[in-house]
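For reference, the chains in residue letters:
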Amino acid sequence: MATVKGNGRKKRLWAEIKGYRQQYLMMTPTIIMVMMFGIYPLLYVLYYSFFKYDGFSEPLFIGLRNYVRLFQDSTYWNSVKNTLQMGVAIPLVQIPCSLLLAVLLNQKFRGQSLARAVIFVPNITSTAIMAIVFYFMFASYNGIINGVLMKLGVIDRAIEWFGNGMMAKTVIVLFCTWSGVGFYMVLFLSALQSIPSEVYESAKVDGANKVQTFFGITIPMMGSMFQTITALCIMNALKLFDSVKALTNGGPGNSTEVMTMYIYRYFFETMGTAQQGYASAVSILSTILVMVITLVYVRCTRKMNY
Amino acid sequence: MKRMKQFYAVVMAGVLVLSATGCGGSKTGDGTTTPVASGENAASTKNKTESSMVAGGVKTEIRIWTKGSGPDEGIQKLIEAFNESQEEVQVTYEYYGENYTSVVQMAISGDSAPDILECSGGITVQTLAKQGSLVPVEDCVTDVVQENYNQSAFTPEEFYLNGELYSVPVRVSAYRLLYNKDLFEKAGLNPEAPPQTLEEMREYAQKITEAGGGETYGFGLPLGVAQIWERVIDPISYATSDVQRYGWNNVTKSYDFGANKKYFEFYVDLMRDGSLFPGYLTLGIDTLRANFAAGTIGMYIDGTWMPGSYATQIDTKCNWDAAPIPVFAEDRADKYWAEGGVNWVVTNGKNVEAAKKFYTFWLENQTIANTYMPVPRNDARANDLDALGVEDLNLQGVEYSFKTDDLDIPKFEPHKFISLEGDDRNTVFTNLFAKAAEGTDISAALDVAVEDLNKRYTQGLKDAVAEGNIAEESIK
C-alpha cells in the first residue's frame, strides 16, 4: 500500500516536472549562478571565519576566536550603529519623497514622461561617479553648494559639510535620496496604477477630499507593495558601500564607516598582514544582522498585506 | 509549436550560461584592455599573437604583473629595450590596480602565477618565499648592480629568507616637504629658503594663509589618506630619534607611540591656527595634489616620486620645489626614512632562467626607465640629473627628490608582519584629530590612546613571533 502511494507521488512529481520543464530549464542557469556566486562563496566565507588567514599563508584554525574578538570590537559596533542610522534615515526621507513624486507624476500633464525620465536618470548612472561629483559640490573649498548659499546670503562662511559625523551623514542621506528616489518612484507608480479607478470615483461621490482619498484609499490599497518597497529601501540602505566610500571614505575618522566598509577594510586595506579570517567573521555576523532586521520588519508589517 | 518552444528554451538557457562566463579582461602594458576568453589570459593571447608573427624560432614568453593603476612608460620602454636586445625572450607586462592582491592570490592558488610579479598591496616577499613560490635572485645582482646601487637597498630583512635574497627594490621612496615658491613670495617669504624647523613651518603656514585671504592656505593635511600619519610623523621621528615607523623603537626593541605625541600635537596646532587647507578631515591625496598644482596650497608632505608625476600627469600651474622635512628646533635630523619600492620577484615557474635574464636587465638598466618616468632609484646612475633626458618636461623639485645620500632604508619594520587587533595608529590618530577639530580637549584621550596602541602592537608582535611571521633574532 505504502509502495503504491509512494509510486503515485513520484509519478505526480515527475509529471509536474515534465509539464513545467521549459520553466525549470529557464531557471537552471540562475540557480547555477546563485549556487556558484552566492551560496558557495557564503560557505567559503563561513569556513574561513574560524581561521586566522591572510590570503596567502596556510590558514590557522582558531575556533570562535574571531567571533569573540568581534563582539568586543567597539569600532565594528560603531559601524553597525552608523549602518542602522542610515537604515532608518534614508528610508524615512526616500520613501515619502518617492511616494509624493509618484502621486504627482501619476497625473496627466504636459512633460509627464520627460519628468519621469529625468528623475529616473540617476538610477542608470554610476553611483561612484555621482558620489564623487557630490563630494566636489559639497567641498568646503570652492564647493558649489557653499558658493550658492553664500551668494544668497544664507551663510557668511563656508560650511564644513564633511567636518563632523552628523553633517557628513546628512550629505550621504541627501545623496542616497537623490540617487535612489527615481527607482522607488517607478515602483510606487506601478502600485498606484494598479488601484481601480472605480474606488476613487466612489470616494468622490461620497464627498471625500484629496487628502482623505490619499490616506484612506491610496495608502491602504498599496499595502503589500508599500511593504515590499520599504523593505527594499531598508535593505539597500543597510548594504550601503560605494556612495559612502566615494563621499567620505568612512570619515571624518570613522564616524561614517558602515559595516560593508569595515569588512572591505579588513579584507583589502589592513596595514601589515591581511586579516581575511576576521573579515569573514565580520561578514557572517553582518549578514545575520541584516537578515534579522529584515525579518523583524516583515513580521511587524505583515498586516499591510491587504 | 511546443517543440519549438522547448528548443528556444534550451538555446536561451545556453546563451545565458555562456554570457555569464568568458567576460572580463586585464589591462596590458600598452593600456588597452584585452578580452579574456575562458581558460586563457590576456598575456598568453597577446603573446601567442606576437610569437606567431616572429619568423623562425620560438621565443620564451615572460609575463610580469604589477599593481599600477595605469601604464608606466618607464617600465614599457625598458621592456621594449630588452625585447629588442635579444631574440630568446619576449616580455609583456600587465597592471591590475586595486584588484592586484586578489588577482595574484587566485593566480598563485591556481598555479598560474606570472613569471615576475610585484610584491605590494599586502603581498610580502617572505610570505611567498616561505610557500616556495619564489626563487632567489642573488645571481641577478651582477658586479654592475653592486657597484652602482645604494647599498641600503640590500639591507631590509623582508627581502631575505634563510639568508637568500629574493628581491631587489629598484626605487627608493622617501617623503619631502613640497612648497609653492609663488605663495612664499606673495606672503613676503624667501622662495629659495624653505622652513628648516617645524616652528618656522607653522609660522610660514600662518603667513601664507593670511596673505591668501581665503583663497590660499599654508599647509595641506589630507586626513582622507589612510596612512597619512606615516607621511607626516614617521619620517620626522625616524630622522631625529630611535623611534622608527609606527612607534617601533629600534634600540629598545619595543613600541613607544608616546614619541609620536609631540608631532601629532604640532599638526593639531596647525589646525587651530586655521592654516590647514579646508576639508582636511576627508581630503584625499589626489584632490590635495590637484590643489597644490593649482597653486592654492603653500606646503605639504609628499613622496619623492612626485616630480615625475607632476611633470608627466598633472598640469602644474605654480613654481614649486622640494626640501627636507623640517624638524623641531631642539632636534637634529640625521638620516630620513626611505623604503625600497617596486619589489619585483621571480616566481618558481617553468621560465625561471628567462625571467632571471630579464630581471638582470631590469636591475642594470633603470636609467632607461628614468628617462621616461623620472623617480628616485637605487641605481645612482639613474638619478643623475643630466641623464634624466627630460628636457621637454616641466620637471621641478628634483634636487631634493633625487637626493638619496641623506636617506636610510631600515633593516626591519615589524608592523608589516603584525596582524593587529583593533584600529591601527593611523585610524586612532585621525579619530582624535577629528575630535580636536570639533573643539574637544583631547590631551587625556591622546595619552590613553598611546598606551592602548603600545599594548596592542606589542601583543601583535608577540603573536607574530609565536606564529613564525617574525624571527626572534629580528627583535633582539
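Residues numbered from 1 in each chain as written. Chains lettered and ligands numbered in written order. Predicted model: local features only at pLDDT ≥ 70, side-chain atom pairs only at ≥ 80, totals over all residues.

### Remarks on the overall build of chain B
Item 1. Tallying secondary structure elements over chain B gives 19 helices and 17 strands in all.
Item 2. Taken across its 476 residues, chain B has 45% of its residues classed as buried.
Item 3. At a minimum sequence separation of 6, the contacts of chain B that also span at least 24 residues come to 76%. (Helix = DSSP H or I, 4+ residues; strand = E, 2+ residues; numbered from the N terminus. Buried ≥ 20, exposed ≤ 12 C-beta atoms within 10 Å, placed from the backbone. Contact = placed C-beta atoms within 7 Å.)

### Some words on the overall build of chain A
Item 1. Each helix and strand counted, chain A has 14 helices and two strands in total.
Item 2. For 306 residues, the compact-globule estimate of 2.2 N^0.38 gives 19 Å, and the C-alpha radius of gyration of chain A, at 25 Å, exceeds that figure by more than 25%.
Item 3. Each principal axis of the C-alpha distribution contributes one length, and for chain A these read about 70 × 65 × 30 Å.
Item 4. Counting over 306 residues, chain A shows a buried share of 31%.
Item 5. Here the analysis covers contacts within chain A between residues at least 6 apart in sequence; of these, 71% occur between residues at least 24 apart. (Rg over C-alpha atoms; globule rule 2.2 N^0.38 Å.)

### Overview of the interface of chain B and chain A
Item 1. Tallying the contact residues gives 41 residues for chain B and 35 residues for chain A.
Item 2. For the side of chain B that touches chain A, the secondary-structure elements that each account for two or more residues are α1 (2-20), α4 (100-109), α5 (125-131) and α18 (425-437) of chain B.
Item 3. Here the side of chain B that touches chain A gets nine residues from one element, more than from any other, and that element is α1 of chain B.
Item 4. In the side of chain B that touches chain A, the residues fall into 19 nonpolar, 16 polar and six charged. (Nonpolar A, V, L, I, M, F, W, Y, C, P; charged D, E, K, R; others polar.)

### Notes on the domain arrangement of chain A
Item 1. You can read the domains of chain A as domain 1 (1-38) and domain 2 (49-304).
Item 2. Computed over C-alpha atoms, the centres of domain 1 of chain A and domain 2 of chain A are 38 Å apart. (Domains from an automatic or database assignment.)

### Concerning the nonpolar core
Item 1. One finds I116, L178, F219, V345, F358 and Y359 of chain B to be the most contacted residues of the largest nonpolar core, which totals 177 residues.
Item 2. It is helix α8 (residues 165-193) of chain A that provides the largest number of residues to this core, a total of eleven residues.
Item 3. The residues contacting L178 of chain B, other than those within four sequence positions of it, are F292, M299, Y300, D302, M306, W320, A322 and G397 of chain B. (Core = buried A, V, L, I, M, F, W, Y, C linked by C-beta atoms within 7 Å.)

### Points about the domain arrangement of chain B
Residue and element names in this part refer to chain B.
Item 1. One can read the domain layout of chain B as domain 1 (25-170 + 342-383) and domain 2 (173-338 + 410-475).
Item 2. Taken together, the nine residues of domain 1 in the interface contact eleven residues of domain 2.
Item 3. Residue classes in the side of domain 1 that touches domain 2 are distributed as five nonpolar, two polar and two charged.

### Here we look at the environment of F120 of chain A
Residues and elements named next belong to chain A.
Item 1. Of note, F120 is situated in helix α5 (residues 112-120).
Item 2. According to the C-beta neighbour criterion, F120 is partly exposed, with 14 such atoms within 10 Å.
Item 3. Residues in contact with F120, not counting those within four places in the same chain, are G182 and V186.

### What to know about the pairing of strand β4 (residues 89-95) of chain B
Item 1. Of all seven residues making up β4 of chain B, seven are buried, and the element is well covered by its neighbours.
Item 2. Of the two faces of β4 of chain B, the one carrying V89, V91, Y93 and Y95 of chain B and the one carrying Q90, T92 and E94 of chain B are both buried.

### Here we look at the confidence of the model for chain A
Item 1. Considering every residue of chain A, the mean pLDDT works out to 89; 97% of them sit at 70 or more.
Item 2. Confidence, read as mean pLDDT per element, is least for helix α1 (residues 2-19) of chain A in chain A (76) and greatest for helix α3 (residues 65-71) of chain A (95). (pLDDT = per-residue confidence, 0-100.)

### Some thoughts on the confidence of the model for chain B
Residues and elements named next belong to chain B.
Item 1. Counting all residues, the mean pLDDT for chain B is 86, and 87% of those residues have values of 70 or more.
Item 2. A low-confidence stretch, residues 21-55 stays under pLDDT 50, and its non-local contacts, those more than four residues away or across chains, total 53 contacts.
Item 3. As scored by the predictor, the complex reaches a pTM of 0.85 and an ipTM of 0.84.

### Here we look at the packing of helix α11 (residues 223-238) of chain A against helix α14 (residues 276-300) of chain A
Residue and element names in this part refer to chain A.
Item 1. Where α11 contacts α14, the axes come no closer than 11 Å and their chain directions differ by 160°. Between α11 and α14, the angle is such that the two are roughly antiparallel. The handedness of the crossing between α11 and α14 is right-handed. In contact with A231, I234, M235 and L238 of α11, α14 contributes V290, I293, T294, Y297 and V298.
Item 2. Of the residues that constitute the contact of α11 with α14, the class distribution is eight nonpolar, one polar and no charged. (Axes fitted to C-alpha atoms, helices over the stretch in contact; angles between N-to-C directions. Parallel < 35°, antiparallel > 145°, perpendicular 65-115°, else oblique. Left-handed = near helix turned anticlockwise from the far one by under 90°.)

### A closer look at helix α8 (residues 198-212) of chain B
All names here are of chain B.
Item 1. For α8, built from 15 residues, the straight-helix expectation of 21 Å at 1.5 Å per residue is met to within 8% by its first-to-last C-alpha distance of 21 Å.
Item 2. For α8, the set of buried residues is L198, M201, R202, Y204, A205, I208 and T209. Down the axis of α8, the smallest arc covering the buried residues is 165°, so these residues share one side.
Item 3. Summarising the contacts, the buried residues of α8 are in contact with α7 (181-186), β10 (217-219), α11 (261-273) and β13 (297-303). (Expected span 1.5 Å × (residues − 1). Arc of directions from axis to C-beta.)

### Quick notes on the packing of helix α4 (residues 74-105) of chain A against helix α13 (residues 259-269) of chain A
Packed helices, taken two at a time, are described by the angle their axes make and the gap between the axes.
Item 1. The geometry of α4 of chain A relative to α13 of chain A is characterised by a closest axis approach of 8 Å and an angle of 145° between their N-to-C directions. Taking contact as the criterion, the partners of Y76, S79, V80 and T83 of chain A in α4 of chain A are, on α13 of chain A, M259, M261 and Y262 of chain A.

### Considerations on the pairing of β13 of chain B
All names here are of chain B.
Item 1. Among the seven residues of β13, six are classified as buried, and the element is accordingly described as predominantly covered.
Item 2. As defined by bridge partners, strand β9 (residues 171-180) adjoins β13 across five bridges and the pair is classed as antiparallel. Counterpart to L177 in the pairing with β13 is I301. (Pairing = 2+ DSSP bridges.)

### Side note on the environment of Y297 of chain A
Residue and element names in this part refer to chain A.
Item 1. With respect to the helices and strands, Y297 occurs in helix α14.
Item 2. Here the alpha-carbon distance between Y297 and P122, two residues 175 residues apart in the chain, equals 27 Å.
Item 3. Ignoring any residue separated from it by four or fewer positions in sequence, one finds Y297 in contact with A231 and I234.

### Points about the environment of Y264 of chain A
Item 1. Summarising the element assignment, Y264 of chain A is placed in helix α13.
Item 2. As for Y264 of chain A and F71 of chain A, which are separated by 193 residues in sequence, their C-alpha atoms are 18 Å apart.

### Some words on unusual backbone geometry
Generally, phi is negative for residues other than glycine and the peptide bonds are trans, each holding for most cases.
Item 1. G251 of chain A connects to P252 of chain A through a cis peptide bond whose omega is 0°.
Item 2. One can find P252 of chain A in the loop between α12 (242-247) and α13.
Item 3. You will see that N162 of chain B, though not glycine, has its phi angle at about 50°, which is positive.
Item 4. Residue classification places N162 of chain B among the exposed positions, given that 7 C-beta atoms sit within 10 Å.

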